[in-house]
Amino acid sequence: MTSIQVAAGQGPARLTILRQTLLPLLLLGAAPGVHGVVFAQAAPAPRPAPVAPPAAPTPPAPPLQAGQSAAAPVIAPTQAPEVRVIRSLNVVGNERLEADTVRSYIDLRPGETYDRVRTDRALKALFATELFADVEIRDDGDGNLTIDVRENPVINRVLIEGAKRVKEDKIREEIKVAPRQIFTRSRARADVARILELYRRGGRFAARVEPKIVQLEQNRVDLIFEISEGPKSKVRQINIIGNEQFSDKELRGEMVTRQARPLRLFTSNDTYDPDRLAFDQQKLRQFYLTQGYADFRVVSSVAELTPDRRDFIVTYVVEEGERYKFGDVDLTSEIRDVKAETFKQLLPMKKGDWYNAKLVEDTIDGLTESVGLLGYAFGDVRPNFDRDKDKREMNLTFVVKEAPRVYVESVTVNGNTRTRDEVIRREFRLSEGDAFNSVKVKRSRDRIQSLGFFQEKLEVKQAPGTAPDKVALQVDVEERPTGSLQLSAGFSSLERFIFSFSIEERNFRGRAQQLRLSANISQFQRSVEAGFTEPYLFDRNLAAGFDIFRRDLNNFNFTTSGQRNTTFEQVTTGFQIRAGTAITEFWQAQLRYGFSIDDVTLDEDQFFSPDPVTGVLECDPLKAGRFLCDTVGRATISSIGYSLVNDTLDNRLRPSSGQRFILSQDFAGLGGSVKYLRTRVNYDRYWRLPANFILNIGGEAGNIFGWGGSDVRLVDRSFLGEPRFRGFGIRGVGPRVLRYFRDGIDTDPNTAGIQDTLILDRDQAQDDSIGGQNYYLARAEVEIPLGSGGRELGLRPSVFVDVGALWSVPTPETISQPSVPTNCDANGQNCQSVIPGFTEVFVGDSPSPRVSVGIGVSWNSPFGPFRFDLARALKTVEGDLTQIFQFNVGTQF
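Cut-off values and rules
- Residues numbered from 1 in each chain as written.
- Predicted model: local features only at pLDDT ≥ 70, side-chain atom pairs only at ≥ 80, totals over all residues.
- Heavy atoms only, no water.
- Helix = DSSP H or I, 4+ residues; strand = E, 2+ residues; numbered from the N terminus.
- Buried < 20%, exposed > 50% of the residue type's maximum accessible area, 1.4 Å probe, protein only.
- Contact = heavy atoms within 4.5 Å.
- Areas by Shrake-Rupley, 256 points an atom, 1.4 Å probe, with all protein chains shown as cover.
- Core = buried A, V, L, I, M, F, W, Y, C linked by side-chain atoms within 4.5 Å.
- Pairing = 2+ DSSP bridges.
- Expected span 1.5 Å × (residues − 1).
- Polar contact = N/O pair within 3.5 Å; in protein donor to acceptor, adjacent residues only side chain to side chain.
- Salt bridge = Lys/Arg side-chain N within 4 Å of Asp/Glu carboxyl O.
- Phe/Tyr/Trp six-rings, centres within 6.5 Å; stacked < 30°, edge-to-face > 60°.
- Lys NZ or Arg CZ within 6 Å of the ring centre and 35° of its normal.
- Patch = residues over 30% accessible without salt bridge, like charges linked within 9 Å, V, L, I, M, F, W, Y side chains within 5 Å.
- Lys, Arg positive; Asp, Glu negative; His and termini not counted.
- Charge placed at Lys NZ, Arg CZ, Asp CG, Glu CD.
- Disulfide = S-S within 2.5 Å.
- Axes fitted to C-alpha atoms, helices over the stretch in contact; angles between N-to-C directions.
- Parallel < 35°, antiparallel > 145°, perpendicular 65-115°, else oblique.
- Nonpolar A, V, L, I, M, F, W, Y, C, P; charged D, E, K, R; others polar.
- pLDDT = per-residue confidence, 0-100.

Q: Please provide a residue-by-residue account of the overall build of the protein chain, values included.
A: Of regular secondary structure, the protein chain possesses 15 helices and 44 strands. A burial count over the protein chain gives 39% of its 893 residues as buried. The long-range fraction of contacts in the protein chain, counting pairs at least 24 apart against all pairs at least 6 apart in sequence, stands at 62%. Counting every atom, the protein chain has about 48900 Å² of accessible surface; 54% of that belongs to carbon and sulfur.

Q: Which residues make up the nonpolar core, and what are the values?
A: Formed by 23 residues in total, the largest nonpolar core has its most connected members in L331, I335, Y355, V360, L367, V371 and F398. For this core, the secondary structure elements donating two or more residues are β13 (325-333), α9 (357-373) and β15 (393-400). No other element matches the 5 residues that α9 contributes to this core. Ranked by size, the runner-up nonpolar core spans 22 residues in total, among them V406, F428, I448 and V471.

Q: Residue-level account of the pairing of strand β18 (residues 470-476), with values.
A: Sheet topology note: the strand β16 (residues 407-414)/β18 ladder contains 7 bridges and is parallel. If you follow V413 over to β18, its bridge partner there is V475. Across 5 bridges, the pairing between strand β17 (residues 460-464) and β18 is antiparallel. Within β18, the residue paired with K461 across the bridge is Q474. Between β17 and the antiparallel strand that follows it, β18, lie 5 residues.

Q: Got a sec to walk through helix α7 (residues 274-290)? Specific residues and values, please.
A: Along its 17 residues, α7 runs 25 Å from first to last C-alpha, staying within 8% of the 24 Å computed at 1.5 Å per residue. Taken as a whole, α7 has its buried residues at R276, L277, D280, L284, F287, Y288 and L289. Lining the buried residues of α7 we find α6 (248-254), β11 (297-305), β12 (312-319) and α9. Two or three places before D275, at the opening of α7, D273 has a side-chain oxygen 3.0 Å from that residue's backbone nitrogen.

Q: Could you give an account of the pattern of salt bridges, naming the residues involved and the relevant values?
A: A side chain of one charge can pair with a side chain of the opposite charge if their charged atoms are brought near each other. As enumerated under the stated definition, the model contains 54 salt bridges in all. Where R382 meets D380, a salt bridge forms, and the shortest distance between an N and an O atom there is 2.6 Å. According to the relative accessible area criterion, R382 is partly exposed, its value standing at 45%. The residue D869 makes a salt bridge to R867 at a minimum N-O spacing of 2.7 Å. Both residues of the pair, D869 and R867, belong to the buried class. Residues participating in the shared-partner salt-bridge network are E427, R429, R443, R447 and E585.

Q: With reference to specific residues and values, describe the pairing of strand β41 (residues 838-843).
A: Bridge count between strand β32 (residues 736-741) and β41: 6 bridges; the pairing is antiparallel. Paired with Y740 across the bridge in β41 is T839. Relative to β41, strand β38 (residues 816-817) runs antiparallel, the two being bridged by 2 bridges. Across the sheet, the residue bridging to S816 is T839, located in β41.

Q: Any details on the packing of aromatic side chains? Residues and values, ideally.
A: Under the definition given, this model contains 21 aromatic pairs. Between F287 and Y288, the aromatic rings sit 5.8 Å apart at their centres with planes inclined by 80°, giving edge-to-face as the arrangement. On the basis of relative accessible area, F287 is assigned to the buried category, the value being 12%. Across from the ring centre of W354, 4.8 Å away, lies the NZ or CZ of K325, which sits over that ring.

Q: Lay out helix α3 (residues 116-128) with the relevant residues and their values.
A: Compared with an ideal rise of 1.5 Å per residue, which puts 13 residues at 18 Å, α3 spans 18 Å between its outermost C-alpha atoms and is within 8% of the ideal. Among all positions in α3, only R116, R118, T119, D120, A122, L123, L126 and F127 are buried. Residue D115 occupies the N-cap position of α3, its side-chain oxygen lying 3.2 Å from the main-chain nitrogen of V117. After α3 finishes, the residue E130 shows a positive phi value of roughly 60°.

Q: Can you lay out the side chain of N774 for me, pointing to particular residues and giving the numbers?
A: Structurally, N774 is set in strand β36 (residues 774-783). One polar contact links N774 to N703, side chain to side chain, over a distance of 2.3 Å. Looking at N774, its side chain comes within polar contact range of the side chain of S808, at 3.5 Å. Excluding its chain neighbours within four sequence positions, the residues that come into contact with N774 are G702, N703, A805, L806, W807 and S808.

Q: So what about a negative patch on the surface? Which residues, and what values?
A: The grouping of E569, D603, E604 and D605 at the surface amounts to a negative patch. Structurally, the position occupied by D603 is in the loop between β25 (587-602) and α12 (604-607). What makes D603 partly exposed here is its relative accessible area of 39%.

Q: Help me get a handle on the side chain of T315, residues and values and all.
A: As for its position among the elements, T315 is in strand β12. Residue classification places T315 among the buried residues on the basis of a relative accessible area of 16%. Contact partners of T315, with chain neighbours within four places excluded, come to N239, I241, S300, S301 and V302.

Q: Describe the state of the cysteines, naming the residues involved and giving the relevant values.
A: By definition, a disulfide links two cysteine residues through a covalent bond between their sulfur atoms. Applying the stated criterion to the full structure yields 1 disulfide. Here C619 pairs with C629 through a disulfide, and the sulfurs are 2.0 Å apart. Because the torsion about its S-S bond is -75°, the bridge between C619 and C629 counts as left-handed. On the criterion of sequence distance, the pair formed by C619 in strand β27 (residues 617-619) and C629 in helix α14 (residues 626-629) is long-range, its members being 10 residues apart.

Q: So what about the packing of α9 against helix α11 (residues 438-450)? Which residues, and what values?
A: Helix packing for two helices is described by the angle between their axes and how far apart those axes are. The interhelical angle for the contact between α9 and α11, taken along N-to-C directions, is 105°, at an axis separation of 6 Å. Considering their axes alone, α9 and α11 lie roughly perpendicular with respect to each other. For the pair formed by α9 and α11, the contact residues are E369, G372 and L373 on the first element and S438, V439 and K442 on the second. A breakdown of the residues in the contact of α9 with α11 according to their chemical character gives 2 nonpolar, 2 polar and 2 charged.

Q: Explain the sheet that holds strand β7 (residues 154-161) to me, using residue names and the numbers behind them.
A: Taken in spatial order, the 3 strands line up as β7-β9-β8 in an open sheet, and their pairing is mixed. Two strands in the sheet have a free side with no partner beyond their single neighbour: β7 and β8 (208-216). The mean inter-strand angle of the sheet, taken between neighbouring strand axes irrespective of direction, is 20°. Helix α5 (residues 185-201) contacts β8 and β9 (220-228) of the sheet and is inclined by roughly 25° relative to β9.

Q: Provide a residue-level description of the confidence of the model for the protein chain, including the pertinent values.
A: Of the residues in the protein chain, 84% have a pLDDT of 70 or more, and the chain-wide mean is 81. Helix α1 (residues 11-28) is the least confidently modelled element of the protein chain, averaging 32 in pLDDT, while β36 averages 96, the highest of any element. Note on residues 1-76: pLDDT is under 50 here. Beyond four places in sequence and across chains, it has 77 contacts.

Q: An account of a nonpolar patch on the surface is requested, with residue identities and associated values reported.
A: Residues V799, I855, L870, I884 and F885 make up a contiguous nonpolar surface patch of about 440 Å² in total accessible area. In this structure, L870 sits in strand β43 (residues 864-875).

See below:
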């Protein structure tokens, strides 16, 4: 409430001063809470004289004659505003602020003159500091001014109530008020706007924020932001008007924003976001420009609230225009080393092709990179367009502008707070003084990215140096956590229930050293492993490391009911020492030495029988099979091996281009009881196809053979099936022994006669895979892009073809056993029961290719990684075990 008190003066002059003073103050207004300038009231004015009766009306003046001038009107003189001298300037009401501090904010000083204009300006200056809730300036009439202030309170705490959908920490990052600051309403209102904007970015346009204060002693307050989040505003419908060549569905598929649907549970792209809608306009334009519509434009974009004020309806009005083709395509060069005729061969577009703006951009990037190969870091390639509207053709000329050949002046690394500079610098393929090479710059970026220590979209910036022929390279990194502690549980069709624990640090001490410890427990396997790797031993390009491990494997076969039955247990304890070095930029060599002890055992109660002579328990071939009895025992393996690796992948985690080739050999027999030579070859090649499809063609093959008179043990052989060979069961391909049982039916209860019919039903046979010494597996797989929505969900569908085989194993000694009657009388008659006999059959030992086709989906879900495969085996060999559906959940990869 603004209140202004003035002293009553004497006569018209005093009233004139009041009119001249009050009118500006009333027009300017006062800040909230201003009490204004208070002047002491003088003695009351004398009563006015009695009002005289009105005088007789004055007759009108006669009209002016020619040549006569009118008399000028008489204006009564006004008296100038009253000016006084400040005798004293006192401050009262201040608690935290010193009086001199308050006086320093205004331009009034004792001994100076003042009037109402200066006192009004002083009031505004004090309120502008936002330190005071109320200010009053009093004048006692003799020049003694008193400034009465009421200070704004100090914020004791800032509380946030009602925030559930947005984390409180995220809100606190947005607001500016903080404890021990001065509270002002303007700051509180500004923070309310910031909180509302945060909720709107999350699609909650119905959110409400109410700031409240709780008064405390000593002029302190608690500031509380009470938040009512409201429902999430979604995009209920997207309308497109003006499209004739493409359907609404096709155009919506190009947008990031999605229409709200009940099944869209794990996406936020169906929420209303003005920034995302603006981006969708750019996406629409990009799409049409790639289809030849060079004149396409979005006429308008309108978002309207639905009648229930919960969601939005978005409407785009578009103008497609005419479709153009490429006309004459040419290239000219202003650089001597860049031959126009040679570079023309790099142009992918031809006359008559539909115009594609994205293809033009990619061509510019390709030409710029090719020019960079010749040392021109700042090569400038410009497209000149000549549109022929009559022919609907776009004539295009690429011009390679003049640029100097440059050299690297400096390499700068910024943002690494933990990782040491040398870890990043040693990945650069360019050093100070080298001739600039764009391919080496890209390779440096890929190598730094492959470390896995920094952000995903990392770039090496190029800036002009101190001279025209100098370039400065700079990489700005954002470090992310490199250590991990994982406790997980999952289920897979291969291992059943899985429990795992692992702790790993991939950037130990900031030197890119790797330290890991892991443990895994499943129904058929238990393991504990620890390892350490130094990537640059003695500051040289030499990697070294070691691993120690203990692995317990329960092997299994399939019983007549299709269930898994544990056969042998294998316990392996050992270590491995390894070293590696780079031969060239893309070739690496690795050496390793390993030593382990294998102990293979069988369940004595299930597979052992006493020797008829000695009574000692021995492996019974009738129960276990001859091939399993030959496996039982303890062995030591001492092996040395090497690997040659060629790696040009653009990304080791999710590659889209490049190849990876690995040749490995391991030679066992440097001591120990096991002697073999194992050879493996792996190859994968990736191509990025149009429309962001990714093609992967890969394969692997292996061989193992014994030497020095030693056979290859069953546990050292290769096995093939799920999950590597989709469409087949676990160890479903390759040599195996099928044990078909006999029915053992007694046809005459008074005799021991047995009708011993062999049951040739695969589902009722016992299935033991015995592995092979040779195998190959090839695959062709195309990853299907799903757009931004699918990427947000972490879905990666694909179609694939797998071809493979496993073969070559010494023919095992099979057993045939007739059914045996038991519980007979003394004469061997009247038998009460029969032990069914069986016949073993060796099948599957063939190099003939098995073929399967199918579709699969990898899903990086909120609950862990999933992999689903639906495959059908098109070609099999007798004995193969097929399986249509496979899935894995919670496995680590």
